[in-house]
Amino acid sequence: QVQLVESGGGLVQPGGSLTLSCAASGSIFVITNMAWYRQNPGKQRELVATVTSGGSTNYTDSVKGRFTISRDNAKNTVSLQMNSLKPEDTDVYYCNADIARSGTWKTRVYWGQGTQVTVSS
């Protein structure tokens, strides 16, 4: 069984910072891409940032220069450092990873349970 567990959400004032973390655990053989998404009720889930196993990153335009995604391959973790937060960054943030379980090269997508980020004064 494979699990993704997020932490680090909360309430922050505009202009503030938060760091989200996500740890993958279980019978993991390899993790290829890892990512963070965000979603509010009634809205489509939006891809925020991705990082490959080699460390290449991509960001949606609205967070470029403010957010940084990083991963630790040895610990099977991915983080999202969020700076200069704006009220429009308020959402539930989800961790996402393409994982092959032990004994197979076939990957499937796993999701975390989500963590709330609220940016408000």
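Since we're looking at a predicted model, the values are computed, not measured. (Residues numbered from 1 in each chain as written. Predicted model: local features only at pLDDT ≥ 70, side-chain atom pairs only at ≥ 80, totals over all residues. Heavy atoms only, no water.)

1. Details of the pattern of salt bridges
Per the counting criterion, the structure on display carries six salt bridges. Note that R38 is salt-bridged to D91, the shortest N-O span being 3.8 Å. Taken together, the positions of R38 in strand β4 (residues 28-39) and D91 in strand β9 (residues 91-101) put the pair 53 residues apart, joining distant regions of the chain. Each member of the pair, R38 as well as D91, carries the same accessibility label: buried. Residue R66 is joined to D89 by a salt bridge in which the shortest nitrogen-to-oxygen separation is 2.8 Å. On the criterion of sequence distance, the pair formed by R66 in the loop between β6 (57-59) and β7 (67-72) and D89 in the loop between β8 (77-82) and β9 is long-range, its members being 23 residues apart. One exposure class covers both R66 and D89, and it is buried. Here the residues in one salt-bridge network are R38, K43, E46, R66, D89 and D91, joined through shared partners. (Salt bridge = Lys/Arg side-chain N within 4 Å of Asp/Glu carboxyl O. Helix = DSSP H or I, 4+ residues; strand = E, 2+ residues; numbered from the N terminus. Buried < 20%, exposed > 50% of the residue type's maximum accessible area, 1.4 Å probe, protein only.)

2. Notes on the side chain of R71
Turning to its location among the elements, R71 is positioned in strand β7. Despite its burial, R71 pairs with no opposite charge, the nearest such side chain being D72 at 8.1 Å. Within polar-contact distance, the side chain of R71 engages the backbone oxygen of I31 at 3.2 Å. Ignoring sequence-local partners within four residues, the contact set of R71 consists of I31, T32, N33, M34, V51, T52, S53, T77 and V78. (Lys, Arg positive; Asp, Glu negative; His and termini not counted. Polar contact = N/O pair within 3.5 Å; in protein donor to acceptor, adjacent residues only side chain to side chain. Contact = heavy atoms within 4.5 Å.)

3. Here's the deal with the pairing of strand β5 (residues 46-51)
With five bridges connecting them, β4 and β5 associate as antiparallel partners. Bridging from a neighbouring strand, R38 pairs with E46 of β5. Taking the residues that link successive antiparallel strands as the turn, the β4-β5 hairpin has six residues, and the phi of G42 there is positive, at about 85°. As paired strands, β5 and β6 are joined by three bridges and run antiparallel to one another. Of the residues in β6, the one forming a bridge with V51 is T57. Once β5 ends, the chain turns through five residues before running back antiparallel as β6, passing G55 with a positive phi of about 100°. (Pairing = 2+ DSSP bridges.)

4. Some points on the nonpolar core
Among the nonpolar cores identified, the biggest contains 28 residues, and W36, L80, M82, Y93 and I99 are the most heavily contacted of them. Those elements that provide at least two residues to this core are β1 (2-7), β3 (18-26), β4, β5, β7, β8, β9 and β11 (115-119). (Core = buried A, V, L, I, M, F, W, Y, C linked by side-chain atoms within 4.5 Å.)

5. Details of the pairing of β3
Looking down a regular strand, the side chains alternate between one sheet face and the other. The sheet contact formed by β1 and β3 spans six bridges and is antiparallel. Bridge assignment links L4 to a residue of β3, and that residue is A24. Taken together, the six bridges between β3 and β8 define a ladder with antiparallel strand orientation. Looking across to β8, one finds that T19 is bridged to Q81.

Keep in mind that these numbers describe shape and distance, not what the molecule does.
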